[in-house]
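Coordinate inspection notes
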Amino acid sequence: PAHAAVAETVNALQALQAPGLKGLVNAVLRNFQRQQAELEAAANQVEVCLYNHPGWFIKAVQEAYPEKWQTILAANQQQAPMWLRINHSQYSTEQYLALLAKTNIVARKVDGFCDAVLLEKPCDVFSLPGFAEGACSVQDGAAQIAARLIDPQAEERILDACAAPGGKTCHILELADNLAVTALDCDETRLARVQENLSRIGLTAQLLCADAANPDAWWDQNAFDKILLDVPCSATGGIRRHPDIKWLRRAADIEQLALLQSSILDKIWP
């Protein structure tokens, strides 16, 4: 109920120990209650409020997709679906779909995604058959395309240059035998997640905490057969998954990230 929401919000302010703040917040919330219809109608005349995206982002999407921009913004407001990547060294897609059916988890194959199934509803990962043993991993369908494009072959030496949290590293290792995979990331905490994923599935890779833009500090001068370069990005393509991105990101970030991406590519290409 509205009155309870107001009361609990005001009570929560005690932790801030800011004199006068409780009265201010109480007044603002109760004023909103009294004028809710008029205030919401006024807000819906403001593009930022109506579409729940920052103005710079709305403009960028309008320019890039003049006929679909409203559809894209609306899609960003929806909960992202839950995709699984099936570990084909353990199960075929059909076999794993049968296991899901036995546990009353509804899922289906999607054309064009040979390792993926799409769940009808998100669920706790530990309710998934064989999850703890590496039978499947949670990974968006689009992200699963990368390892298939790499097309790993037995005995190849492959670098995953911005590896954390390790979904693509594991996928590469699942697709071929006797690979020598190096998983590189500059964030030690996030690199630990790569090891967690490898350990759960029972896979092995060389983990390096280093900067992809400074290969002189870590490269042994032996060329890799293939390199996956999943460079740092704005993440504005994944707002459904991380809704806070649209408010944390700034327009100036895009150019800075593009320069960083270019720098990493220039250093890794040789």
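Attention in this report is confined to the structure presented alongside it. All of these numbers come straight from a predicted model, not from anything done at the bench.

**Overview of the pattern of salt bridges**
- What the rule picks out here adds up to 8 salt bridges.
- Between Arg241 and Asp140 there is a salt bridge whose closest N-O contact spans 2.4 Å. Note that Arg241 is positioned in the loop between strand E8 (226–228) and helix H11 (245–248) and Asp140 in the loop between strand E4 (136–138) and helix H8 (141–150), a separation of 101 residues in sequence.
- Between Arg157 and Asp220 there is a salt bridge, with its nearest N and O atoms 2.8 Å apart. Taken together, the residues span a long stretch of sequence, with Arg157 in strand E5 (residues 157–160) and Asp220 in the loop between strand E7 (206–209) and E8 at a distance of 63 residues.
- Among the residues examined, Arg157 registers a relative accessible area of 22% and is labelled partly exposed.

**Focus: the pairing of E5**
- Sheet topology note: the E5/strand E6 (residues 180–185) ladder contains 4 bridges and is parallel. What sits directly across from Ile158, in E6, is Val181.
- Once the chain exits E5 it traverses helix H9 (residues 167–174) before rejoining the sheet at E6, and the crossover so formed is right-handed.
- The pairing of E5 with E8 spans 3 bridges and is classified as parallel. Of the residues in E8, the one forming a bridge with Leu159 is Ile227.

**With respect to unusual backbone geometry**
- Between Ala164 and Pro165 the backbone carries a cis peptide bond, its omega angle lying at 5°.
- Structurally, Pro165 is set in the loop between E5 and H9.
- Positive phi, normally seen in glycine, also occurs at Asn52, with a value near 55°.
- Position of Asn52 among the secondary structure elements: in the loop between helix H4 (47–51) and helix H5 (55–64).
- A residue is classified by how much of its surface remains accessible, and Asn52, at 31% relative accessible area, is partly exposed.
- Look at Asn104: it is not a glycine, yet its phi comes out positive at around 60°.
- Residue class for Asn104 comes out exposed when judged on its relative accessible area of 71%.

**Description of the environment of Asp140**
- On the basis of relative accessibility, which here comes to 33%, the residue Asp140 falls in the partly exposed class.
- Each C-alpha atom of the pair Asp140 and Leu248 lies 22 Å from the other, and the pair is 108 residues apart in sequence.
- Within the local environment of Asp140, its side chain forms a polar contact with the side chain of Arg241, the two groups lying 2.4 Å apart.

**Quick word on the sheet that holds strand E1 (residues 83–86)**
- In spatial order, the strands read E2-E3-E1-E4; together these 4 strands make up an open sheet with antiparallel pairing. Among the strands making up the open sheet, the edge pair consists of strand E2 (107–108) and E4.
- The sheet contact formed by E1 and strand E3 (residues 116–119) spans 3 bridges and is antiparallel. Note on E3: the bridge partner recorded for Trp83 is Leu118.

**Observations concerning the packing of H8 against H9**
- Packing of H8 against H9 brings their axes to within 9 Å, and their N-to-C directions diverge by 45°. With respect to H9, the axis of H8 lies oblique. Two packed elements cross with a definite hand, and for H8 against H9 that hand is right-handed. Along its contact with H8, which presents Ala143, Gln144, Ala146 and Ala147, the element H9 presents Lys168, His171 and Ile172.
- The residue makeup of the contact of H8 with H9, split by class, is 4 nonpolar, 2 polar and 1 charged.

Here is what the cut-offs are and how they apply
Residues numbered from 1 in each chain as written. Predicted model: local features only at pLDDT ≥ 70, side-chain atom pairs only at ≥ 80, totals over all residues. Heavy atoms only, no water. Salt bridge = Lys/Arg side-chain N within 4 Å of Asp/Glu carboxyl O. Helix = DSSP H or I, 4+ residues; strand = E, 2+ residues; numbered from the N terminus. Buried < 20%, exposed > 50% of the residue type's maximum accessible area, 1.4 Å probe, protein only. Pairing = 2+ DSSP bridges. Right-handed = clockwise from strand over helix to strand, strands pointing away. Polar contact = N/O pair within 3.5 Å; in protein donor to acceptor, adjacent residues only side chain to side chain. Axes fitted to C-alpha atoms, helices over the stretch in contact; angles between N-to-C directions. Parallel < 35°, antiparallel > 145°, perpendicular 65-115°, else oblique. Left-handed = near helix turned anticlockwise from the far one by under 90°. Contact = heavy atoms within 4.5 Å. Nonpolar A, V, L, I, M, F, W, Y, C, P; charged D, E, K, R; others polar.

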